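Next come the chains, spelled out residue by residue.
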Amino acid sequence: MTLPQLLLAVDIGGTFTDIVVFDPQSRQIWVEKLLTSYPDPAAAVLDGVSALLDSQAISPDAIRYVTHGTTLITNTLIERKGAKTALLSTAGFRDAIEIGNEGRYDMYDLALVKPKPLVERRLRFDVPERTLADGTIWQELDTNALAGICDQLKDEGIEAIAICFLHAYTNPAHELAALERVQARLPGLPVSASHQVAPGMREYPRASTTVANAYVQPITERYLARLDRGLRQSGIEAPLNIMLSSGGTTTVDAARAFPVRLVESGPAGGALAGLYWGKRLGHRDMLAFDMGGTTAKAVLTRAGELSISNQSEVAHVHRFKRGSGLPLMVPMIEMIEIGAGGGSIAHLNRLGLPAVGPQSAGSDPGPAAYALGGVEPTVTDADLLLGYLNPDYFAGGDLPLDVNRSRTSFERLAAALGLSVDSLAWGLHQLVNENMASAARVHAAERGLELRRYSMVATGGAGPVHACGVAGGLGIRRIIIPPLAGVGSAFGFLTAPIAFDFTRSYVARLSELDLSELNGILRDLETEGRRIVAGAGVPADDISAQLSIDMRYVGQGYEVRVPFPMQRLDDNHIAVMQGAFEAEYRRFYGQLAEGVPIEAVNWRVLITGPAPQIDALVSRSGSASADSPPACRPVRFAADAPPQETPVFRRDQLSEEWRADGPAIIEEAASTTVVLPGWTARMAADGCLLLLREDER
Amino acid sequence: MIDPITLEVIWSRLISVVDEQAAALIHSSFTTVVREAGDLSAGVFDRAGNMIAQSVTGTPGHINTMANCVRKHIAPRHPIDSLNPGDTLITNDPWEASGHLFDLTIVSPVFYRGRGVAWFANTCHAVDIGGATMGGDARSLYEEGLAIPLMKLFKAGDVNQELIDIIRANVRVPEQVIGDIYAQQVGNQVGARKLIEMLDEYDLPDIEAVSAQILNRTESAVRAAISALPDGLYQDEIGIDGFDEGLKIACALTVKGDELRVDYTGSSPQVDRGINVVLNYTHAYTTYTLMAALAPGIPNNEGAFRPIEVRAPLGSILNCRRPAPVSARHLIGHFVSQPLLTALAEVIPQQVIANGSAGLWNTMMDGMDAAGEEFAYVFFSAGGMGAAYDRDGLSATAFPSGIMGVPVEAIESAAPLLMRRRELRPDSGGPGQFRGGLGQEMELEIITGMNANHSCMYDRTGNAAAGLLGGKPGAIGAVALSDGSHPHPKSHYVLKPGQVVTLKLPGGGGFGAPTLREPGRVLEDARQAYISLEAAERDYGVIIDIDKMTIDCEATQARRAEMTQNNESL
């Protein structure tokens, strides 16, 4: 008998560390959840993995694949606990990271605070040198000045260095020369060069990204080395793969070189899980909707593909205000996050109207119903008052809810609005649904997507409670509630391919492309990507390369991303590129700008290995038969109608044939699914719940 | 009467509808002015033309002027019931819309169940409008480009081709200008479609009831904020550079109960250069500044404007008579924010900020590139903002404008310019207990080997941003050429190859006496070279030991005592 070939995934979140082991042969899955350990997060991982393997009597050498994501990098940036970092910039431009875009992210806030640069001004050094926009050298690199700066860096006790020279994305010669000299004079210090970390135009986001990379490099280095060593010591020989924010995984070495690409890898896992479940049920246009205690996140996929953006932000001054964070120019799954979760607090806004969030009671003190000191009315309190939540089976019964405290918390607000507590609870539920739907609607509009034909995958503790309501507001008619809701991100990691991508800015009209130069650039990117992916043990034959080109009409500033076969480009390809762009543009905007020349802006090369094959899970059908009578409780589905006696099911007891018409409630330890009147629910493949609008059956 | 929950749900939805309108407009736009700089506005209006909601993106000079334009001119002259589905109106009249010909306001009625129910409007800065290029040189409106009086752009869905042909024949870059007009129309159409979906979903006949309640609630909230101010007259005046001669902006705020009147009587008369401001633009920046200071959490809509009256004498620089030239009106208009905040400082010092650089610095270059093709490029830059009672001013940040700058790499990729340096300008922030924001300093040259035309639109080269409550003024701005000459800051000149032009942008004013600034913060500013060691001693009375970079406490105490005494004896 051959040794089982198991897959292991680990997700370190701010509060919990989740561990998932999957056996492709028996299609069984085991999970372990434990508190994240500080200051050494690797400790909990190693403990948890040992405990899980021991309890299931799995031999460590049965693990053939390990993938890992962590919030460590994001938290280091938010808490400003990174390394003492210096920035070397083109002389005269060291303030790019402080000047930023010169704008204000909130027009009406006179007390606005901007994110503080990660490198203080006196540690930003002017290096005499200059490259022009077309790559020609205007002023040679002053190596003597550079040597003097290196001595200063040594005296200062600098722990990490970022180099960002103007136009290095076009011609990296000076950055490379500086990199070499700095490494020679200061051996052992991590150095990040902008043309490697974020090779795109715009000095502010490129420098910001490079600095962030350097800033988190030493801590990532120490942590990954410790984890890698620990896993090996516990007998796991399989190489460690690290989850990237773009939805691929990479080697420990690449992660050490580009740690900033690990930002938001947890949510990336959540998005991958959504994508996986959608595909399993045959849906390729999906809204992955995750609603937890403080926030709701949404990710859109189109034709089974996640949308990857090169423009994002981290460590916001105001978490939900676009523009208040440090810009990052690394590939990241596009997602929106709004301040709407179970703990979001209801209040009166300045117009005297009810509003929800973004302030949150979090988990401490939590909603009033937790009876842990919270007195403010929250979304969870509203859901409890409406009968959606079971006070005795919240978190599987571990956290009893006190409905009287919920009621009390609502009284003042209800009186101020002249409403009954129950009407207010109904109203707040509607309001938070509309907030989430609105955010998704604008996000979709910005991408030219029409949500009405989409399916939703709802996860998170509060996601399935609100799924029907949010879907209704968006015209979505199909909802999947996947299993394993509590460890969604870690499960998603298992579905990620080993992949690495580079995006290079190379702006030119299609009619004026210098194909020999361009082919050289693409070849270099592909070679580097293949080197990284092959480093993770993927055989060369299994590695594939994909190209996508961001194109626009000359004069526009937003590009349309067009996939294109990776090949040596010749003159015949130009017309094909134009056709591909026009098809995509028409989809977005309805009509073309006839006669306006088209230009290519960014060239993205994605190198991937195969994704682990997870064909199906053993659906764990329950013991109770479909016709065993469910429990019932009164649940409110309208502002003015009385509560309706509603059947309540336990998810783990549902058989494969189970189905029910709404209204219905389905409870599980990690969440509660509310099936509104007008919807119907049934069990589907892999233990997924499928909710359909009635006319959809 | 709609219950408060439904009202809030629909209201949130309306905001998302206007954001979708703006997103469609921005994404299909052909110009960096609209997209990156954000020089636009988008909003939804009720049948009578009252603005209910505006998009998050935008700049005050467009949002509030658009609101007035629709309510005062468009809805009265083209009542919604007189229009047909598929009609769209357009105007760039400076007096009726946003103060100069460059801005095109495009307004579309929405029909639902056979009846006009709402309007969508947006205002965008066109990259060119014919006539002289952007700047203050013109002597009358007629030199400033093509005027489009209020007329139909679309009639029942068909474009007004005569108008398009006229525009095409008048502007330098017709593809971009006409492309953006279509983008503006696309924005309104997307807004209309989403509004109709919303009406369907909530089974509403129109948004009249929602509008009435939102506007009334907004009005009450603004009235409550005004009532919190003691009744009285609050005044300030400032000197500004003007075109050739200095000008004055005087403002008097009268608070009476829950109403507020701003009167600019005493401000300079209009001038014969293109920096005059129409009353609508004055109103826009006045209401914007008051909302930011008094009521930052309250939505900006027609209800917010009702308790606020704005007056300026006809023929003054802030209420110019037709056909005064107005092209660079922002150079004056942005400054109304300054005396307003200072006047309010008397009663709400914690809600205002000291004066800042205020006017955006607009740099326009045109000429031939190395290949012999014509180029024209414009970018905006910001100086420092004023300090507040508890924090330093923001460096290199636009206020009151809502516009953004452009990266050096983007500038150099688009135009044959070389930016030799662009960094914060030390010692430009006005000293104070809280320091004014720093301006920036940049050096530019042309690298084509040929001459280029440099149009300057720069202010505060003569009048510094004043400090507040003991704070000192920020540094004034300057324009200088490497040969030692100084170009006119609001005109144009020929930049020759090999010549370097240095722009020094002004800093913001400080807040509170500099001797009250914690010595540790002064030391930190000196360590980071936001201020020089000399300034630490001269302006703040903090003596720093250069070798150890520590504060000499005794010497500092003595120096500060001396400064305080000198101040008192003044």
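Conventions adopted
- Residues numbered from 1 in each chain as written.
- Chains lettered and ligands numbered in written order.
- Predicted model: local features only at pLDDT ≥ 70, side-chain atom pairs only at ≥ 80, totals over all residues.
- Helix = DSSP H or I, 4+ residues; strand = E, 2+ residues; numbered from the N terminus.
- Rg over C-alpha atoms; globule rule 2.2 N^0.38 Å.
- Buried ≥ 20, exposed ≤ 12 C-beta atoms within 10 Å, placed from the backbone.
- Contact = placed C-beta atoms within 7 Å.
- Pairing = 2+ DSSP bridges.
- Nonpolar A, V, L, I, M, F, W, Y, C, P; charged D, E, K, R; others polar.
- Core = buried A, V, L, I, M, F, W, Y, C linked by C-beta atoms within 7 Å.
- pLDDT = per-residue confidence, 0-100.
- Axes fitted to C-alpha atoms, helices over the stretch in contact; angles between N-to-C directions.

**Student:** Explanation requested: the overall build of chain B in the structure shown.
**Tutor:** For chain B, the count of helices and strands is 14 helices and 21 strands. For chain B, the C-alpha radius of gyration of 25 Å lies close to 25 Å, the compact-globule estimate for 570 residues. The principal-axis extents of the C-alpha atoms in chain B amount to approximately 80 × 60 × 40 Å. Within chain B, the fraction of its 570 residues that count as buried is 62%. The contacts of chain B with a sequence gap of at least 6 include a subset with a gap of at least 24, amounting to 73%.

**Student:** Would you mind going over the overall build of chain A with me for this structure?
**Tutor:** The secondary structure content of chain A amounts to 16 helices and 35 strands. Taking 2.2 N^0.38 as the reference for a compact globule, 697 residues should give roughly 26 Å; the C-alpha atoms of chain A span a radius of gyration of 26 Å, in line with that estimate. Taking the principal axes of its C-alpha atoms as reference, chain A extends roughly 80 × 70 × 55 Å. Burial statistics for chain A: of 697 residues in total, 54% are counted as buried. Relative to all contacts within chain A whose residues are 6 or more apart in sequence, the contacts with residues 24 or more apart total 68%.

**Student:** Sorry, what's going on with the pairing of strand E16 (residues 452-457) of chain B here?
**Tutor:** Each regular strand displays side chains that alternate between the two surfaces of the sheet. Residue and element names in this part refer to chain B. The buried count for E16 comes to five of six residues, which makes it a mostly enclosed element. Bridge analysis of strand E12 (residues 361-368) against E16 gives six bridges, and the strand direction is antiparallel. Bridging from a neighbouring strand, Asp366 pairs with Asn453 of E16.

**Student:** Could you clarify how one ought to interpret the environment of Leu244(A) in this entry?
**Tutor:** Residue and element names in this part refer to chain A. Examined against the element boundaries, Leu244 turns out to sit in the loop between strand E11 (240-243) and strand E12 (249-251). Sequence separation between Leu244 and Gly520 is 276 residues, and the spatial gap between their C-alpha atoms is 26 Å. Among all residues touching Leu244, those that are not within four sequence positions of it are Thr249, Thr250, Arg261, Leu262 and Ser265.

**Student:** How should I be thinking about the interface of chain B and chain A in this particular structure?
**Tutor:** A common way to state how big an interface is: give the accessible area lost once the parts meet. At the interface, 64 residues of chain B touch 54 residues of chain A. Sorting the residues of the side of chain B that touches chain A by element identifies helix H1 (4-27), helix H2 (32-35), helix H5 (174-202), helix H6 (208-227), helix H7 (279-294), helix H11 (408-414) and strand E14 (417-424) of chain B as the ones contributing at least two each. Here the element with the most residues in the side of chain B that touches chain A is H1(B); it accounts for 13 residues. Of the residues assigned to the side of chain B that touches chain A, the class counts are 29 nonpolar, 19 polar and 16 charged.

**Student:** Please clarify how the nonpolar core should be interpreted in this entry.
**Tutor:** Generally speaking, a soluble globular protein has its nonpolar side chains buried in company with each other. Ranked by internal contacts, the top residues of the largest apolar core, which has 387 residues, are Ile161(A), Leu287(A) and Val70(B). The leading source of residues in this core is helix H12 (residues 421-446) of chain A, at 14 residues. Apart from residues no more than four positions distant in its own chain, Ile161(A) is found in contact with Ala86(A), Leu88(A), Leu153(A), Val182(A), Leu189(A), Val191(A) and Ala214(A).

**Student:** Before we go on, may I ask you to explain the confidence of the model for chain B in this structure?
**Tutor:** The predicted coordinates should not be examined in detail at positions where pLDDT is low. On average, chain B scores 92 in pLDDT, and the residues at 70 or more come to 98%. This complex was scored by the predictor with a pTM of 0.91 and an ipTM of 0.92.

**Student:** How should the sheet that holds strand E32 (residues 664-667) of chain A be read in this particular structure?
**Tutor:** Strand pairing in a sheet is mediated by backbone hydrogen bonds. Such pairs are either parallel or antiparallel. Residues and elements named next belong to chain A. Across the sheet, which stays open at both edges, the four strands sit in the order E29-E30-E32-E33 with mixed pairing between neighbours. Both edges of this open sheet fall to strand E29 (631-635) and strand E33 (672-675), since each of them pairs with a single strand only. Between one strand and the next, the sheet's axes are offset by a mean angle of 30°, whatever the strand orientation. With four bridges joining them, E32 and E33 adopt antiparallel strand pairing. When the bridges of E33 are listed, Ile666 appears paired with Thr673.

**Student:** Got a minute to help me understand unusual backbone geometry in this structure?
**Tutor:** For residues that are not glycine, phi is negative in most cases, and the peptide bond is trans in most cases. For the bond running from Tyr38(A) to Pro39(A), omega is 0°, close enough to zero to count as cis. As for its position among the elements, Pro39(A) is in the loop between strand E3 (28-35) and helix H1 (41-55). With an omega of 0°, the peptide bond between Arg322(B) and Pro323(B) qualifies as cis. Mapping Pro323(B) onto the fold places it in the loop between strand E11 (308-311) and helix H9 (330-333). The backbone of Ala371(A) shows a phi angle near 55°, a positive value even though the residue is not glycine. Locating Ala371(A) in the fold gives a position in the loop between strand E22 (354-360) and helix H10 (379-385). The exposure class of Ala371(A) is partly exposed, given the 16 C-beta atoms found within 10 Å.

**Student:** What should I look at first to understand the confidence of the model for chain A in this one?
**Tutor:** Per-residue confidence for chain A averages 89 on the pLDDT scale, and 96% of its residues sit at or above 70. Note that pLDDT drops below 50 for residues 621-627 of chain A; the model gives that stretch 12 contacts with residues more than four away or on any other chain.

**Student:** Just checking my understanding: could you explain the pairing of strand E2 (residues 51-54) of chain B for this structure?
**Tutor:** Residue and element names in this part refer to chain B. Pairing of strand E1 (residues 40-45) with E2 involves three bridges; the strand directions are antiparallel. Bridged to Phe45 within E2 is Met51. Count of turn residues in the E1/E2 antiparallel hairpin: five residues, of which Gly49 carries a positive phi of about 95°.

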